[in-house]
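Observations on chain architecture
Residue strings, one per chain:
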Amino acid sequence: ALVSLGPTGSSLSIASGSQVSVNLAPSAGSFGLLELGVLDGDGQLNFLDGGLKVGAGDTSSVFTGTLLIPMGSLEKVGSGVFQINRLPTDSQTTVSGGTLKILQSESQEGAMLETGRIKVAGGTLDLNGQALSPSRPIQLEGTTGEGAMTNSAPQFALAPGKIALTGDVKITDAGSGL
């Protein structure tokens, strides 16, 4: 089941110190899905089950809070940019449209960023100078945009784990190395 908060492109803002729990009870063996245009704020969004699509309606947003999706997945859709300070560590992240940009925080400087599995198919993953943990694979599929994976930051970005390439894949660097 797909749940949308109002029309496509609706937004959810979670204030600092706030926690929102989402329970999209599975039906017929599949988990529900919450579709948003904008997710912003710096609170905590916890999915008890189900998954999340962000960027509907070609919107852009910034979420600096905590996103927990233990039994679902995060998918970036639409042509906008979704900026997030850390990816869920317990689920798959898919970039099927636009750009998913990993923000840098002081706690991440010099540290490897833990993530779940990452799949880029039709969008762009911007590492933005981050070093991803080698423990999770990245799957890059052919794309016609900026590139399946890029680094827009002036500092070096690192993705030392297994990277699977499918089709014509473009990897770009606007920073100081990838």
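Because the structure is predicted, anything quoted here is derived from the model rather than measured. (Residues numbered from 1 in each chain as written. Predicted model: local features only at pLDDT ≥ 70, side-chain atom pairs only at ≥ 80, totals over all residues. Heavy atoms only, no water.)

**A short note on the overall build of the protein chain**
This is how it is decided: Each helix is a run of DSSP H or I of at least 4 residues and each strand a run of E of at least 2, with the numbering of both proceeding from the N terminus. Each residue's exposure class comes from its accessible area (1.4 Å probe, protein chains only) as a fraction of the maximum for that residue type: buried when under 20%, exposed when over 50%, partly exposed otherwise. Residues count as neighbours in contact if any of their non-hydrogen atoms are within 4.5 Å of one another.
Per the secondary structure count, the protein chain includes zero helices and 21 strands. Residue burial in the protein chain is summarised as follows: out of 178 residues, 43% are buried. At a minimum sequence separation of 6, the contacts of the protein chain that also span at least 24 residues come to 44%.

**Topic: empty space enclosed by the protein**
Quick note on the threshold: Cavity means a closed set of points on a 1 Å grid over the protein atoms alone, one where a 1.4 Å probe fits but cannot get out, pocket means an open set with protein on both sides within 12 Å along at least 5 of 7 lines, and lining means a residue has an atom within 4 Å of a point. Grid points are joined across faces, edges and corners, and a volume is the space filled by probe spheres set on the points.
According to the stated counting rule, one finds one cavity of 30 Å³ or more in the structure shown. Put simply, the largest cavity is a space of about 40 Å³. S133, R136, I138, A159 and G161 are, among the 10 residues lining the largest cavity, the residues nearest its centre.

**Focus on the sheet that holds strand 3 (residues 19–23)**
So the rule is basically this: Strands are treated as partners if at least two bridges between them are detected by DSSP. Angles run from 0 to 180 degrees between N-to-C directions of axes, and those axes are lines fitted to C-alpha atoms, restricted for helices to the stretch in contact.
Strand order in the open sheet made by the three strands is 3-6-9, with parallel pairing throughout. This sheet does not close on itself; its edge strands, each paired only once, are strand 3 and strand 9 (66–68). Neighbour to neighbour, the strand axes of the sheet diverge by 10° on average, direction disregarded. As judged from the three bridges shared by strand 6 (residues 44–49) and strand 9, these two strands associate in the parallel manner. Counterpart to N46 in the pairing with strand 9 is L68.

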